[in-house]
Amino acid sequence: MKNDLTSILEYVDQLSRVDTGDIEPLYQTTGLVNSFRADEHQNDFEMNENLNNKLIGQAPGKQARFVKVKSVLKK
Amino acid sequence: MSVNYTIRDIQAGLQKKEFSADEIFNRYLNKIGLENKKLNAYLSILNKQNGQSNAADFKKQKASFGAGILAGVPCAIKDNILIDGTVCTAASMILKNYVSAYDATVIAKLKSEGVQFLGKTNLDEFAMGASTENSAFGPTRNPHDPERTPGGSSGGSAAAVAADLCVFALGSDTGGSIRQPAAMCGVVGLKPTYGRVSRHGLIAMASSLDQIGPITKNVYDAALVLNAISGRDKFDSTTVDAPVPDYTSRIGDGIKGLRVGVPKEFFKDGLDPEVGERIENGISRLKDSGCDIIETTLPTFEYAVATYYLVMPCEVSSNLARFDGIRYGHSSQSAEGLIDTYLNSRSEGFGPEPKRRILLGAYALSSGYYDAYYLKAQKVRSLIKRDFDQAFKTVDVIVGPTTPHTAFKIGEKISDPLLLYLEDIYTAPLNLAGLPGISIPCGEGRASGMPIGFQVIGKPFDEETILRVAYQLEKTLNS
């Protein structure tokens, strides 16, 4: 893995040869800005027993309707 | 079943009552049962209950055959796209038993058309790879030569279409994952413009690059599927509210007078002569069809792969941080505290390629390296897009090879990740610039005998023109 990463980093280093002086970075290509939705109740997903089970039911550790998380601080 | 059904064949068969929707679905399931062992194209098979669209939807479509041309058509879905109530693995151990809680938008759209889902197809783990060898559930084999890979990452979808184990399939394309396997399996693959098709319900890899698109047996079918899956979606805020034309309406209009750009950078070292030969042939066919062939240039083309292998891993490292071993997916049994749950679950659940990319991305984003790697790459990305913008001032489409060579042998490149990364040379630039591209078969290699893909690249949201060029070229090559 170490060797793989070294050779990949050596490869991508070729970008240092490109003159990007006053070029702005391009983070996205659609040009969309502030793609907000209306601040109102969305009822596309109504929570019911079935959906609750599909979502919470897949947690590896759970108790009743809650997801169980291991202790944050070591004992 | 020896017929290689297209979408229109299925529609005609249903109309003439040669078979019912149930019968054609079951015929394909039987065929998959017989042939999938050899190819490993499907990871899971759906049944009548979860594979077939809601009976009401189907009846509604059936009442108006012609409008609902996809009604009853059996298709395959790449296993990183969610179908409600069915397992979705992304070909990773970390999601081995994950059950989708909802339908991806593309699936909901196909369901409303009455499409039938045969199963979920194999891929490189989290769509990371170019050979489908990175799957945690074994490689897919190329139907043209089982010793070779089908390409990737949508290798299962491309192989399933090529072997007629479905009528069409959906794939996803982050750096070439629809077009490259389509080229290597001798079928059609279309990556739409970034923002054309919703990714809601697609397991995210690199969010500024990912697109969903069709893999089909011909260009017309690709247009039909694109019709069904395109459009603005409130669940994916990157989708653009641009009108969706009927992509079939002008597909046969001809291409006389169209300006076709051929970048000189596409034909340098690294392009296998047997591929170059077929591409040149395709270009001369376009000329015969009345196109103006114009030599053009993409000066920063040579930096696209390096740019892609910085931008993409950075986004991967953010996207895959959601796998925490707590809410869903694999959770380490050996972990004692919270931090061990994160670390061990990921160490045990992710395969080598996702790990490589997560490490690379986290490194390139880290303080002290951010400017030199991530920011630099995004600036070069600007230049790559600028090159395309410049070229499209004088040409309508750009054409060239989809891949530098034909399908390689299983095991041939898997030990050298960098070698596999170079597979994306002709495809990744489009993702970086957000452009649409289609790969169509243009013959077999003189030496390898394997299929070769011809890529047509378009302006943003101009899928109509690339489909028209591809349709004409397909017709000319088959005549």
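Residues numbered from 1 in each chain as written. Chains lettered and ligands numbered in written order. Predicted model: local features only at pLDDT ≥ 70, side-chain atom pairs only at ≥ 80, totals over all residues. Heavy atoms only, no water.

Colleague: Whenever I open this one, the overall build of chain B confuses me. Can you help?
Modeller: Helix and strand counts for chain B come out as 16 helices and 11 strands. Computed over the C-alpha atoms, the radius of gyration of chain B is 21 Å, within 12% of the 23 Å expected from 2.2 N^0.38 for a compact globule of 479 residues. Taken along its principal axes, the extent of the C-alpha atoms in chain B is 65 × 55 × 45 Å. Within the span of chain B, comprising 479 residues, buried residues form 65% of the whole. Residue pairs at least 24 apart in sequence account for 75% of intrachain contacts in chain B once pairs closer than 6 positions are excluded. As presented, chain B carries roughly 16200 Å² of accessible surface, and 49% of it is formed by carbon and sulfur atoms. Positive and negative charge centroids in chain B, built from 51 and 53 side chains respectively, lie 3 Å apart. (Helix = DSSP H or I, 4+ residues; strand = E, 2+ residues; numbered from the N terminus. Rg over C-alpha atoms; globule rule 2.2 N^0.38 Å. Buried < 20%, exposed > 50% of the residue type's maximum accessible area, 1.4 Å probe, protein only. Contact = heavy atoms within 4.5 Å. Areas by Shrake-Rupley, 256 points an atom, 1.4 Å probe, with all protein chains shown as cover. Lys, Arg positive; Asp, Glu negative; His and termini not counted. Charge placed at Lys NZ, Arg CZ, Asp CG, Glu CD.)

Colleague: Would you take a moment to explain the interface of chain B and chain A for this structure?
Modeller: Frequently, the measure chosen for interface size is the accessible area that the parts lose on association. Of the residues lining the interface, 65 residues belong to chain B; the matching set on chain A comes to 41 residues. Across the chain B/chain A interface, buried area totals approximately 4300 Å², and carbon plus sulfur atoms make up 66% of it. Ionic pairing is found between Arg356 of chain B and Asp4 of chain A, a salt bridge with its closest N-O pair at 3.1 Å. The tally of links from chain B across to chain A stands at 13 residue pairs in polar contact (both at pLDDT 80 or more). Breaking the side of chain B that touches chain A down by element, the ones donating at least two residues are α10 (304-319), α11 (338-349), α12 (352-365), α13 (371-391), α14 (417-421) and α15 (428-433) of chain B. Of all the elements, α13 of chain B adds the most residues to the side of chain B that touches chain A, at 13 residues. The residue makeup of the side of chain B that touches chain A, split by class, is 33 nonpolar, 18 polar and 14 charged. (Buried area = accessible area lost by both parts, 1.4 Å probe. Salt bridge = Lys/Arg side-chain N within 4 Å of Asp/Glu carboxyl O. Polar contact = N/O pair within 3.5 Å; in protein donor to acceptor, adjacent residues only side chain to side chain. Nonpolar A, V, L, I, M, F, W, Y, C, P; charged D, E, K, R; others polar.)

Colleague: It is not clear to me how the pairing of strand β6 (residues 211-216) of chain B should be interpreted in this structure. Could you clarify?
Modeller: Both faces of the sheet carry side chains from a regular strand, because those side chains alternate between them. Residue and element names in this part refer to chain B. Among the six residues of β6, six are classified as buried, and the element is accordingly described as predominantly covered. As paired elements, strand β4 (residues 168-173) and β6 share five bridges and run antiparallel to each other. Directly across from Asp173, in β6, lies its bridge partner Gln211. Across two bridges, strand β5 (residues 188-191) lies against β6 in antiparallel orientation. Residue Val188 lies in a different strand from β6, and its bridge partner there is Thr216. (Pairing = 2+ DSSP bridges.)

Colleague: Where do I start with the layout of surface pockets in this structure?
Modeller: To find leftover empty space, a probe the size of one water molecule is rolled over the atoms. Roughly 530 Å³ of volume is contained in the largest pocket. Lining the largest pocket are 23 residues, and of these Leu82, Tyr98, Tyr102, Arg322 and Tyr328 of chain B sit closest to its centre. No other element matches helix α2 (residues 49-56) of chain A, which puts three residues into the lining of the largest pocket. Looking at the lining of the largest pocket residue by residue, the classes come out as 13 nonpolar, five polar and five charged. Forming the walls of the second largest pocket are 22 residues, and the residues nearest its centre are Asp269, Gly270, Leu271, Leu422 and Ile425 of chain B. In terms of residue class, the lining of the second largest pocket is built from 13 nonpolar, three polar and six charged. (1 Å grid on protein atoms, 1.4 Å probe; cavity = no way out; pocket = protein on both sides within 12 Å on 5 of 7 lines; lining within 4 Å. Points joined across faces, edges and corners; volume = space filled by probe spheres on them.)

Colleague: Is there a simple way to explain the environment of Arg250 of chain B in this structure?
Modeller: Mapped onto the elements of the fold, Arg250 of chain B is located in the loop between α8 (219-229) and β7 (259-263). For Arg250 of chain B, the contacting residues outside a window of four places in its chain are Glu464 and Arg468 of chain B.

Colleague: Explain empty space enclosed by the protein to me, please; I cannot follow it from the model alone.
Modeller: Residue and element names in this part refer to chain B. Tallied over the full model, the rule gives two cavities of 30 Å³ or more. Taken as a whole, the largest cavity spans an internal volume of roughly 80 Å³. In terms of lining, the largest cavity is formed by 13 residues, of which the most central are Ala127, Gly129, Ser177, Tyr308 and Asp424. Here the residues of the lining of the largest cavity sort into five nonpolar, six polar and two charged. When its volume is computed, the second largest cavity comes out at roughly 40 Å³. Residue lining of the second largest cavity: Leu298, Thr300, Phe301, Ile384, Asp387, Phe388 and Pro429, and that is the complete set. In the lining of the second largest cavity, the residues fall into five nonpolar, one polar and one charged.

Colleague: What is the right way to read the packing of aromatic side chains from this model?
Modeller: Geometrically, a pair of aromatic rings is defined through the distance of the ring centres and the angle of the planes. Residues and elements named next belong to chain B. Scanning the model with the defined rule gives 20 aromatic pairs over all chains in all. Ring geometry for Phe301 versus Tyr426: centroids 5.8 Å apart, planes at 25°, classification stacked. Taken as a pair, Phe301 in the loop between β8 (292-296) and α10 and Tyr426 in the loop between α14 and α15 lie far apart in primary sequence, 125 residues in all. Ring centres 6.1 Å apart and planes at 90° place the aromatic pair Phe323 and Tyr328 in the edge-to-face group. For Tyr328, a relative accessible area of 21% corresponds to the partly exposed category. Taken together, the ring pairs connect Tyr98, Phe126, Phe323, Tyr328 and Phe350 into an aromatic cluster. The aromatic ring of Tyr220 is capped on one face by Arg8, whose charged end is 3.7 Å from the ring centroid. For the cation-ring pair, Lys413 lies above Phe408, with the distance from its terminal atom to the ring centre recorded as 4.8 Å. (Phe/Tyr/Trp six-rings, centres within 6.5 Å; stacked < 30°, edge-to-face > 60°. Lys NZ or Arg CZ within 6 Å of the ring centre and 35° of its normal.)

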